[in-house]
Structures are given as structure tokens and as C-alpha cells.
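# Residue-level structure breakdown
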Amino acid sequence: MKNQETQPIQSDSKVAKGLFALGGLWAAIFAPVILIIVAFIIPFGDAITRSYILKLANTELGKLFLCLMISLPIWCGLQQILTLLHQFNIYPKREKLLAYGLALAWTAHAIYILFVR
């Protein structure tokens, strides 16, 4: 009888994988822009520039952008942490529940802060 190599079963849902991929793409595209705005434009800009940025952040579209800017990279980052742990053969109990639950909690908190409060 041959030794058959078994591959681990990937039980991640398509939604979680989609949020992971979208989070990485979102962070790669928009994070440098936000860093430039926060690091250079807001501190060194005039008062009119700051007021325009604050007015934009107070609109519904601005709040949606901030919510996505907060939550999507979190989904990507926690998935990367799980992958890193697996590469070092560290398998915490209930790892996916912990990672996805934490990402969902941070997303719910961002939604609460931006839209409800």
C-alpha cells in the first residue's frame, strides 16, 4: 500500500476568503493615500484644507470610506497572522473562531462608532 499524502482540508468560507483578499487590495491601494493625508496634508495644510477633510469625513460616503478603511485591513491582517502561526506550527485552539470573531467585533465597533453614535 502506498503512503498517500493528505492535504489539509480548507474549511474557510468564501466570504472570509473574499474579505481577506479585498482587505489586502484595499490596504494596498488606499493606505498610502490616507497616510499621506494624515502625515502631511493635515499637519502642514491650512485651516481650509482641514475643514474640507472634516466635512468630507462627516458625509455618509466619507463614513463608509472610513469604515472600509478600518475594517477591511483588519480582516486581511488577522488572516495573515493565522497563516504565520501555521508556518511556525502553532495551532491555537479555536483559531478561526478567534480571528474571525475578533475581526467581526472590530468591524461592528467601527460601524457603531461611525454610524450609530
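The structure reproduced in this document is the subject of the present report. Here the structure is a predicted model, which means the values were calculated and not measured.

## Looking at the nonpolar core
- Of all hydrophobic cores here, the largest spans 8 residues; its members are Ala16, Ile74, Trp75, Leu78, Leu82, Ala99, Tyr100 and Ala103.
- Elements that contribute at least two residues to this core include exactly α3 (60-87) and α4 (95-116).
- Broken down by element, the residue count for this core peaks at 4 residues, all from α3.
- If we skip the residues at most four places from it in the chain, isoleucine 74 touches Ala103 and Trp106.

## Remarks on a nonpolar patch on the surface
- A contiguous nonpolar patch, built from Leu61, Leu64, Ile111, Tyr112, Ile113, Phe115 and Val116 and spanning about 640 Å² of accessible area, is present on the exposed surface.
- Residue assignment for the nonpolar patch shows that the elements contributing at least two residues are α3 and α4.
- Top contributing element to the nonpolar patch by residue count: α4, with 5 residues.
- The topology assignment puts phenylalanine 115 in helix α4.

Rules of the game
Residues numbered from 1 in each chain as written. Predicted model: local features only at pLDDT ≥ 70, side-chain atom pairs only at ≥ 80, totals over all residues. Heavy atoms only, no water. Core = buried A, V, L, I, M, F, W, Y, C linked by side-chain atoms within 4.5 Å. Buried < 20%, exposed > 50% of the residue type's maximum accessible area, 1.4 Å probe, protein only. Helix = DSSP H or I, 4+ residues; strand = E, 2+ residues; numbered from the N terminus. Contact = heavy atoms within 4.5 Å. Patch = residues over 30% accessible without salt bridge, like charges linked within 9 Å, V, L, I, M, F, W, Y side chains within 5 Å. Areas by Shrake-Rupley, 256 points an atom, 1.4 Å probe, with all protein chains shown as cover. Salt bridge = Lys/Arg side-chain N within 4 Å of Asp/Glu carboxyl O.

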